[in-house]
Amino acid sequence: MPRYIYPALPESEVTPERLYRERRRFMKQSAGLVLAASLPGWSGLSLAQDKPASWKQKLPEAPSNNQFSTQEPLTDQKIVTSYNNFFELGTRKRDPSDWGHYLQTDPWAIKVEGEVNKPGTYDLNKLIKPEQLEERIYRLRCVEAWSMVIPWTGFQLSELIKRLEPTSRAKYVVFETLYDPEQLRGQRRDTIDWPYTEGLRMDEAMHPLTLMAVGLYGKPLPNQNGAPIRLVVPWKYGFKSIKSIVKLRFQEEQPVSSWQQLAPEEYGFYANVNPQVSHPRWSQARERRLGEEGRRKTLMFNGYEEEVAHLYQGMDLEKNY
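For the structure given in this document, a descriptive report is provided here. Each chain carries its own residue numbering, running from 1 in the direction its sequence is written. Only residues with pLDDT of at least 70 get local features here, since the model is predicted, and only at 80 or more are side-chain atom pairs given and counted; chain-wide, interface and lining totals rely on the full set of residues. The side-chain figures draw on all heavy atoms in the structure; neither hydrogens nor water molecules are used.

A closer look at the environment of Asp316
Formally: Strands are runs of DSSP state E lasting at least two residues, helices are runs of H or I lasting at least four, and both sets are numbered from the N terminus onward. When accessible area is computed with a 1.4 Å probe and restricted to protein chains, residues below 20% of their type maximum are described as buried, those above 50% as exposed, and intermediate ones as partly exposed. Polar contact is the term for a pair of N or O atoms within 3.5 Å; when the atoms are in protein, one must be able to donate a hydrogen and the other to accept it, and sequence-neighboring residues count only if both atoms are side-chain atoms.
Its location among the elements puts Asp316 in the segment after α9 (305–308). A relative accessible area of 36% places Asp316 in the partly exposed class. From its side chain, Asp316 meets the backbone nitrogen of Glu318 in a polar contact 2.9 Å long.

A word on unusual backbone geometry
Pro107 follows Asp106 through a cis peptide bond whose omega is 5°. Cis rather than trans, the peptide bond between Trp194 and Pro195 has omega equal to 0°. On the secondary structure map, Pro195 appears in the loop between β5 (172–177) and β6 (197–201). The phi torsion at Ser244 lies on the positive side, around 45°, for a residue other than glycine. Here Ser244 is to be found in the loop between β9 (230–232) and β10 (245–251). A relative accessible area of 2% places Ser244 in the buried class. With a phi angle near 50°, Ala271 is a residue other than glycine that sits in the positive phi range.

Considering the pattern of salt bridges
The criterion, for reference: Here, a salt bridge means any Lys or Arg side-chain nitrogen found within 4 Å of an Asp or Glu carboxyl oxygen.
Counted according to the given criterion, the structure contains 22 salt bridges. Between Arg169 and Glu115 there is a salt bridge, and its shortest N-O distance comes to 3.4 Å. Residue Arg169 is found in the loop between α6 (157–164) and β5, and its partner Glu115 is found in the loop between β1 (109–114) and β2 (120–123); the two are separated by 54 residues along the sequence. The class for Glu115 is partly exposed, based on a relative accessible area of 24%. One salt bridge in this structure joins Glu131 and Lys129, with 3.8 Å as the shortest N-O distance. Each member of the salt-bridge network shares a partner with another, and the members are Glu72, Arg139, Arg141, Glu287, Arg289, Glu292 and Arg296.

Focus on the packing of aromatic side chains
To keep things clear, this is the line we draw: A pair of aromatic rings is counted whenever rings of Phe, Tyr or Trp (Trp by its six-membered ring) have centres within 6.5 Å, and the orientation is called stacked for planes under 30 degrees apart, edge-to-face for over 60 and tilted otherwise.
Applying the stated criterion across every chain, the model contains ten aromatic pairs. Measuring from centroid to centroid gives 6.2 Å for Trp99 and Tyr102, while their planes differ by 20°, and the two rings are stacked. Under the relative-accessibility criterion, Trp99 is labelled partly exposed at 26%. Here the aromatic rings of Phe269 and Tyr270 are separated by 5.2 Å at their centres, their planes lie at 85°, and the arrangement is edge-to-face. Tyr270 shares its class with Phe269; the two are buried.

As for the sheet that holds β5
Heads up, the condition is: Should DSSP find at least two bridges between two strands, the strands are regarded as paired. Axis definition: a line fitted to C-alpha atoms, over the contacting stretch in the case of helices. Angles run 0 to 180 degrees between N-to-C directions. Two residues qualify as a contact provided that any one of their heavy atoms is within 4.5 Å of a heavy atom in the partner residue.
Spatially, the five strands line up as an open sheet ordered β2-β1-β10-β5-β6, and their pairing is mixed. Strand pairing shows two members of the sheet lacking a second neighbour, β2 and β6, which therefore form its edges. Looking at each pair of strands side by side, their axes are set apart by 20° on average, direction ignored. α6 contacts β1, β2, β5 and β10 of the sheet and is inclined by roughly 65° relative to β10.

Side note on the pairing of β5
Of all six residues making up β5, six are buried, and the element is well covered by its neighbours. Every second residue of β5 is oriented toward a common face, with Tyr172, Val174 and Glu176 on one face and Val173, Phe175 and Thr177 on the other, all of them buried. The sheet contact formed by β5 and β6 spans five bridges and is antiparallel. Among the inter-strand pairings, Glu176 is bridged to a residue of β6, identified as Thr197. Relative to β10, β5 runs antiparallel, the two being bridged by six bridges. When the bridges of β10 are listed, Tyr172 appears paired with Gln251.

Structure (structure tokens):
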């Protein structure tokens, strides 16, 4: 697999957090969430209709969840939306923002299959319950040793899984990204065996930190960040947080994800952030926080060790990388 060299980012001002927080406080005082929750199309879990409603017009203002949020300064929004890995749109960091406008995300449906009692194809509106949407500020750590701090809007994946009612045979959840080379120009090249897939063990998927994100910075997800819906697993390297999801499959056997298939000696199934386990071509002990000078120490499980370490008790994390 070729090694891509990316230019260093210039020093950027910290996100105008004061302005963002003031806006958040004002919006929380409004009745936007109550009004949005009363809109049609949000009420229950049902199969997609012929003409699904526009979901972007119904993204309500979500309350902040301080229990799961870091208090670290946010990464500049311009960096978050312009420095991206989304190989479906190209391998350069600027390709997703340059070419993402070709992706049509509205309407959107997700197919559910496998070991589940409620399979089918669901309109995105029917999968999202506005009362479950909240903002969580998470660290994002890329396997390439750079990191960000991002305010996501989303809902716990566990809440959706409960509604879909997986069977006792469901041990893993497999996610699949849209495959459409007409819209996603990066899929015209054999960089990866498309479509892109990722997977989680069921206990990882059900963990309260695991988020299905539909927005960032209080707005719907930009296409380059994985619109209209993506996974966010903050204690794992970023490639596990699959973008533009169109399929969920529940299965008994452990899946082989796209990067694991492409380079198994470099990208394991678990991909937990671990400063003690180096990538074969670079150390993971330190990271570059975009927008900051220098490097900082990488935290075990990206700083979420207290919450998730029990999931891997007794496992050899060097073998299960």
